[in-house]
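Each chain is listed here by its residues.
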Amino acid sequence: MLDVLKSDFKEIFKVNAENIFFAPGRVNLIGEHTDYNGGHVFPCALSFGTYAVSRKREDGLVRMYSLNFEDLGIIEFSINDLQNIKQDDWANYPKGVIWAFKEKGYSINHGMDVLVYGNIPNGAGLSSSASIELVTSVMLKDYFDLDLDMIEMVKLSQMAENKFIGVNCGIMDQFAIGMGKENHAILLDTNNLKYEYVPVSLDGASIVIANTNKRRGLADSKYNERRSECEEALSDIKEHKDINSLGDLTEEEFINLKQYIKRDVCRDRAEHAVLENIRTKKAVEVLKQGKISEFGELMKSSHYSLKDKYEVTGIELDTLVELALEERGVIGSRMTGAGFGGCTISLVKNENIEDFVKNVGKGYKEKIGYEASFYVASVGDGARKLF
Ligand code: GLA
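Counting restarts for each chain, with residues numbered from 1 along the sequence as it is written. Where totals are concerned, whole chains, interfaces and linings use all residues; where local detail is concerned, this predicted model gives features only for residues with pLDDT of at least 70, and gives and counts side-chain atom pairs only at 80 or more. Hydrogens and water are ignored here; the side-chain numbers use all heavy atoms of the structure.

**What to know about the overall build of the protein**
For step 1, the next point in the chain: Runs of E in the DSSP output that reach at least two residues are strands. Runs of H or I that reach at least four are helices, and both are numbered from the N terminus. Looking only at helices and strands, one finds 11 helices and 13 strands in the protein.
For step 2, the next point in the chain: Every radius of gyration here is taken over C-alpha atoms, with the globule rule written as 2.2 Å times N^0.38, N being the number of residues. Against the globule reference of 21 Å for 387 residues, the protein gives a C-alpha radius of gyration of 21 Å, in line with a compact fold.
For step 3, the next point in the chain: Expressed along its principal axes, the backbone C-alpha trace of the protein runs to roughly 60 × 50 × 40 Å.
For step 4, the next point in the chain: Each residue's exposure class comes from its accessible area (1.4 Å probe, protein chains only) as a fraction of the maximum for that residue type: buried when under 20%, exposed when over 50%, partly exposed otherwise. Counting all 387 residues of the protein, 57% fall into the buried class.
For step 5, the next point in the chain: When the accessible surface of the protein is summed, it comes to about 16,200 Å², and 43% of that surface belongs to carbon and sulfur atoms.
For step 6, the next point in the chain: His residues and chain termini do not enter the charge count, which takes Lys and Arg as positive and Asp and Glu as negative. All charge positions are set by atom: Lys at NZ, Arg at CZ, Asp at CG, Glu at CD. Of the charged side chains in the protein, 47 are positive and 60 negative; the average position of the first set lies 0 Å away from that of the second. Every accessible area reported is derived by Shrake-Rupley at a probe size of 1.4 Å, with residue values counting cover from the shown protein chains alone.

The following block contains the structure:
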């Protein structure tokens, strides 16, 4: 495939490519909507992702072409005029990363030609945007010989998303994509960015991703709404106890303090954030002990909390989980990512995967009216230069 990408580059830009960079997509095993609440997450990088085939330019122009959006043609901008412009569409993500690097004082003083190709299913909630941010980051580090480590690039990519794109996401996606490690998930404490790699050994089972194929219409505004409901709950609690984030609380402390949260809806959101954080730590413990079925039970509780307390699932995600849990060989199932559409993940015994895909697929089509898509995940490495 890399040879095909290089010859596509030559055809489009009329010169030879110099380098290829890659950043994966990600999937979160457990710990949802905890990363902006000072809690823990447990994501891993996938083996599919975004490729950037590129060449330095002498002038200050950046010219970008995506094989995923060919009708948009070459999108061109100057490194000295970095603004979020609607017509630049997907190129606003790499542009935002260049902007973030420059904001932080890194010298970006020439342009580049870049061909982008991604094989992450579009709009599936597997972080194609964070993937293109990180592939841009590793390219900039390489081209400008910058002295910065991956965690700094993760932070700059998140800054691009928050401040340039305007989506108030936490750090999970960029962290998983930057720091991913083959066959491992990452337990990350978002409060202090301490992390630990944990082998994903599932005792003869695999992670099956099921995509609802639902367009995620109002996802960003609902995401920001959940965030502010959690902030409101935190500030009510802070009037009675000195904490930094909901992630600081034990279950017992939360039970004693929840009476001080004024609005019911904020109490429910906070309950999810606190218990999901505790569940995530527990899930990693049981996984390390090889107790896969306990891990699966925690996945289910996570889903029901996201459905009933956080209200970010919807009929498509709920249907996929309900159907999954009726199948033989299913250890656990839950929505993953922001919600409101996107994907579920299920742990399925290898010998049952074929039937799982057939039966869940059929049931989903019957109930929802269109097809779901399925992928057996393989857990890959983080963002890097390929050559
Ligand atoms: C999106 C955000 C992440 C995280 C998840 C929910 O993927 O980008 O930061 O908040 O939703 O867990």
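There's plenty left to go through after this.
**Here we look at the side chain of serine 137**
For step 1, the next point in the chain: Looking at where serine 137 falls in the secondary structure, it is placed in helix α3 (residues 128-143).
For step 2, the next point in the chain: The exposure class assigned to serine 137 is buried, which follows from its relative accessible area of 0%.
For step 3, the next point in the chain: Under this definition, polar contacts are N or O atom pairs within 3.5 Å; protein pairs additionally need one hydrogen-donor-capable and one acceptor-capable atom, and for neighbouring residues in sequence, both atoms have to be side-chain atoms. Within the structure, the side chain of serine 137 is placed 2.9 Å from the side chain of serine 157, a separation counted as a polar contact.

**Quick look at the domain arrangement of the protein**
For step 1, the next point in the chain: When the domains of the protein are assigned, the result is domain 1 (2-199 + 381-385) and domain 2 (205-376).
For step 2, the next point in the chain: As annotated, the domain borders come from an automatic or database domain assignment. Put simply, the middle of domain 1 and the middle of domain 2, counted by C-alpha atoms, are 26 Å apart.
For step 3, the next point in the chain: Residues count as neighbours in contact if any of their non-hydrogen atoms are within 4.5 Å of one another. Contacts between the two partners involve 35 residues from domain 1 and, on the opposite side, 41 residues from domain 2.
For step 4, the next point in the chain: Carbon and sulfur atoms make up 63% of the area that domain 1 and domain 2 hide from each other, which totals about 2,900 Å².
For step 5, the next point in the chain: For the domain 1 face of the interface with domain 2, the top three residues by lost area are Ile30, Glu32 and His33, together amounting to 23%.
For step 6, the next point in the chain: Residue lysine 288 pairs with glutamate 196 through a salt bridge whose shortest N-O separation is 2.7 Å. Buried area: the accessible area, evaluated with a 1.4 Å probe, that two parts lose upon being put together, summed over both parts. Here a salt bridge means any side-chain nitrogen of Lys or Arg lying within 4 Å of a carboxyl oxygen belonging to Asp or Glu.

**Examining the packing of helix α9 (residues 292-308) against helix α10 (residues 315-326)**
For step 1, the next point in the chain: Look at α9 against α10: their axes get within 11 Å of each other, and the N-to-C directions meet at 155°. The orientation of α9 relative to α10 falls into the category roughly antiparallel. Like other packed secondary-structure pairs, α9 and α10 cross with a definite hand, here left-handed. From α9, Lys300, His303, Tyr304 and Lys307 reach across to α10, where they touch Leu317, Asp318, Val321 and Leu325.
For step 2, the next point in the chain: Along the lines of polarity and charge, the residues of the contact of α9 with α10 split into four nonpolar, one polar and three charged. Where helices are involved, their axes are fitted lines through C-alpha atoms of the stretch in contact, as for all axes, and angles between N-to-C directions lie from 0 to 180°. Here the angle decides the label: under 35 degrees means roughly parallel, over 145 means roughly antiparallel, 65 to 115 means roughly perpendicular, and every other value means oblique. Note: crossing handedness is left-handed where the near helix turns anticlockwise from the far helix by less than a right angle, and right-handed where it turns clockwise. Charged means Asp, Glu, Lys or Arg here, nonpolar means Ala, Val, Leu, Ile, Met, Phe, Trp, Tyr, Cys or Pro, and polar covers whatever is left, Gly included.

**Section: the sheet that holds strand β8 (residues 194-199)**
For step 1, the next point in the chain: Here a strand pair is declared whenever DSSP counts at least two bridges between the two strands. Overall, antiparallel pairing links the three strands, which are arranged β2-β7-β8 in an open sheet. With partners counted over all chains shown, the strands left at the sheet margins are β2 (40-41) and β8, one partner each.
For step 2, the next point in the chain: Of the strand pairs in this sheet, strand β7 (residues 184-189) and β8 are connected by six bridges, and their pairing is antiparallel. Looking across to β8, one finds that histidine 184 is bridged to proline 199.
For step 3, the next point in the chain: Each of β2, β7 and β8 touches helix α5 (residues 172-179); the most contacted strand, β7, lies at about 135° to it.

**Description of the environment of proline 121**
For step 1, the next point in the chain: Counting through the fold element by element, proline 121 comes out in the loop between β6 (112-118) and α3.
For step 2, the next point in the chain: In sequence terms proline 121 and aspartate 35 are 86 residues apart; their C-alpha atoms lie 23 Å from each other.
For step 3, the next point in the chain: Excluding anything up to four places from it in sequence, proline 121 contacts Phe48, Leu126, Asn211 and Tyr375.

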